Amino acid sequence: MGKAPTRGVAALCLTAVTALGITACGGDAGSSSDGDANKITLSYSQVVADELPFWIADEAGLFKAQGLEVTLTNLSSSDGFPALVSGQTQLASIGAPEMVSGAASGAKVSYLATLTPVFTYELYARVDDPQQLKGKRIGITSTSGSLYIATIEALQQLGLSPDDVALTPLGSVTNVNNALVAGTIDAAMSHPPATTRLEAAGLHSLLDLASQNIPTSNVGVAATDEYVRSHGDQIRRFMTAVQQAIHREKTDEPYATSILSEHLKVTDPKALHETWAYYTKVLPDVPTPTVEQLQTSVTELAPTNPAVHNLDLSTLVDASFVNESR
């Protein structure tokens, strides 16, 4: 990228330098540090079933079959996007809110795939009437990610606003689920396999967002524009492997649940089956990104981040790689 970073991008790079020990920002932000074009590092922020196609592609050797050496690394949502724009990673598995917020800060990025195009969450609580949530603590991971946007959407559908409740950031999905079971929060969005545990603890669902098919991108793939321009062949092969992994996930439950068990540290067969069944219904055969998926996050983020209104979302979405990889 020939130009100096904007103030927003420079701040993101500083975050990456601080959190990950990166020595420089700017320049060729998409290239691998050792110059090997077939080496790709993909970051993901949460250990959740949305990420299963990446785990399958890695462990089933699908990336290697495409001539790629892919490293999957777990970074927090606050570190993942800065690592992407600084060049520490080449691809990032992020949600629409992070993509929209990052682009609004001046980052030159493209959204290349959407693995979960709906909100994969239900609102769990111990109360029967949503109005009883007023003044109660609602757990979220942060005030920007996909779970936050889903929580805002759910509250609105239940006739509530964020001001009616005490939104409580807890850092990770695991922390949110643990707090919900422990009773230190009163409600939260969740999904399988945690929902099996929540129901056993006496909580129940007040609202299922997934069944409403509201466009979003809970998990997708982002890259810098520079990396897209210089590594199109590698991205195309990466997407081919991911789509093969999606097919494997949908058609081979024993294998898919074995990978889920390994990564989610869940051994309950019922919980694993419910997780597999839940995600195979929402996972598209072709993970096509759309403007509509990003627009939902623009709408929800605008009150606290007016800069998102200035985005031309059509310039952020590039579906060519998944379409060519069919």
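From a predicted model like this one, the values you see are computed outputs, not experimental measurements.

## Some thoughts on unusual backbone geometry
No. 1: For the peptide bond that leads from Pro192 to Pro193, omega is 5 degrees, which places it in the cis range.
No. 2: With respect to the helices and strands, the residue Pro193 is situated in the loop between strand E8 (187–190) and helix H8 (194–200).
No. 3: Phi angles above zero are rare outside glycine, and Asn213 is one such case at about 55 degrees.
No. 4: Although it is not a glycine, Lys265 sits at a positive phi angle of roughly 60 degrees.
No. 5: You can see Lys265 is positioned in the loop between helix H11 (253–264) and helix H12 (269–282).

## As for the sheet that holds strand E6 (residues 137–140)
No. 1: Strand order in the open sheet made by the five strands is E7-E6-E8-E5-E9, with mixed pairing throughout. Only two strands of the sheet have a single partner each, and these edge strands are strand E7 (166–169) and strand E9 (204–208). The average angle at which neighbouring strand axes cross in this sheet is 30 degrees, direction not considered.
No. 2: With four bridges connecting them, strand E5 (residues 122–125) and E8 associate as antiparallel partners. What sits directly across from Ala125, in E8, is Ala187.
No. 3: In the packing of helix H7 (residues 173–182) onto the sheet, contacts are made with E5, E6 and E8, and the angle to E8 comes to roughly 135 degrees.

## What about the packing of aromatic side chains?
No. 1: The tally for this structure, following the rule as stated, stands at four aromatic pairs.
No. 2: When the ring of Tyr44 is compared with that of Trp55, the centres are 6.1 Å apart and the planes differ by 75 degrees; the resulting orientation is edge-to-face. You can see Tyr44 sitting in strand E1 (residues 39–44) and its partner Trp55 sitting in helix H2 (residues 52–59), a full 11 residues away along the chain.
No. 3: A relative accessible area of 10% places Tyr44 in the buried class.
No. 4: Taken together, a centroid distance of 4.9 Å and an interplanar angle of 15 degrees make the contact between Phe63 and Phe238 stacked. Of this pair, Phe63 sits in helix H3 (residues 62–65) while Phe238 is found in helix H10 (residues 232–251), placing the two residues 175 residues apart along the sequence.
No. 5: The class for Phe63 is buried, based on a relative accessible area of 2%.
No. 6: One aromatic cluster is present, formed by Phe54, Phe63 and Phe238 through successive ring pairs.
No. 7: The ring centre of Tyr255 lies 3.8 Å from the NZ or CZ of Arg248, which sits over that ring.

## Observations concerning the side chain of Glu300
No. 1: Here Glu300 lies in helix H13 (residues 291–301).
No. 2: Buried and unpaired, Glu300 has no salt bridge, with Lys134 as the nearest side chain of opposite charge at 18 Å.
No. 3: A distance of 3.4 Å separates a polar atom in the side chain of Glu300 from a polar atom in the side chain of Gln156.
No. 4: Sequence-distant contacts of Glu300, defined by excluding residues within four places in its chain, comprise Ile149, Ile152, Glu153 and Gln156.

## Quick word on H11
Three- or four-residue spacings in an α-helix give side chains the same orientation, since the helix completes a turn every 3.6 residues.
No. 1: For H11, which comprises 12 residues, the first-to-last C-alpha distance of 16 Å matches the rise-based estimate of 16 Å (1.5 Å per residue) to within 8%.
No. 2: Of the positions making up H11, those classed as buried are Tyr255, Ala256, Thr257, Ile259, Leu260, Ser261 and Leu264.
No. 3: Tucked inside the fold, the buried residues of H11 contact H2, H10 and H12.
No. 4: Directly beyond the C-terminal end of H11, a positive phi value near 60 degrees is found at Lys265.

## Quick look at the pattern of salt bridges
No. 1: For the structure shown, the criterion picks out five salt bridges.
No. 2: For the salt bridge of Glu226 with Arg229, the shortest nitrogen-to-oxygen distance reads 3.1 Å. Residue Glu226 and its partner Arg229 are both found in helix H9 (residues 225–230); the two are separated by three residues, about one turn of the helix.
No. 3: You can call Arg229 exposed: its relative accessible area is 61%.

## Describing the environment of Val221
No. 1: For Val221, the position within the fold is in strand E10 (residues 219–224).
No. 2: Setting aside residues no more than four positions away along its own chain, Val221 makes contact with Phe54, Leu91, Ala92, Ser110, Tyr111, Leu112, Ala113, Leu115 and Met239.

## Description of the confidence of the model for the protein
No. 1: Model confidence for the protein is summarised by a mean pLDDT of 88, while 88% of its residues fall at 70 or above.
No. 2: Contacts of residues 1–7 to residues separated by more than four positions or lying in other chains number eight contacts, the stretch itself having pLDDT below 50.
No. 3: Within the model, the stretch residues 13–34 combines pLDDT values under 50 with 43 contacts to residues more than four positions away or in other chains.

## Overview of the nonpolar core
Side chains that are nonpolar tend, in soluble globular proteins, to be buried together.
No. 1: Counting residues in each nonpolar core, the largest one holds 48 residues, and the members touching the most others are Met99, Val109, Leu123, Leu133, Met189, Leu209 and Leu294.
No. 2: Per-element accounting of this core gives the leading share, seven residues, to helix H6 (residues 146–157).
No. 3: Residues in contact with Leu294, not counting those within four places in the same chain, are Ala96, Met99, Val100, Tyr111, Leu313, Leu316 and Val317.
No. 4: The next biggest cluster of nonpolar side chains, apart from the first, holds 47 residues, and it includes Leu52, Ala57, Ile235 and Met239.

Conventions adopted
Residues numbered from 1 in each chain as written. Predicted model: local features only at pLDDT ≥ 70, side-chain atom pairs only at ≥ 80, totals over all residues. Heavy atoms only, no water. Helix = DSSP H or I, 4+ residues; strand = E, 2+ residues; numbered from the N terminus. Pairing = 2+ DSSP bridges. Axes fitted to C-alpha atoms, helices over the stretch in contact; angles between N-to-C directions. Contact = heavy atoms within 4.5 Å. Phe/Tyr/Trp six-rings, centres within 6.5 Å; stacked < 30°, edge-to-face > 60°. Buried < 20%, exposed > 50% of the residue type's maximum accessible area, 1.4 Å probe, protein only. Lys NZ or Arg CZ within 6 Å of the ring centre and 35° of its normal. Lys, Arg positive; Asp, Glu negative; His and termini not counted. Salt bridge = Lys/Arg side-chain N within 4 Å of Asp/Glu carboxyl O. Polar contact = N/O pair within 3.5 Å; in protein donor to acceptor, adjacent residues only side chain to side chain. Expected span 1.5 Å × (residues − 1). pLDDT = per-residue confidence, 0-100. Core = buried A, V, L, I, M, F, W, Y, C linked by side-chain atoms within 4.5 Å.

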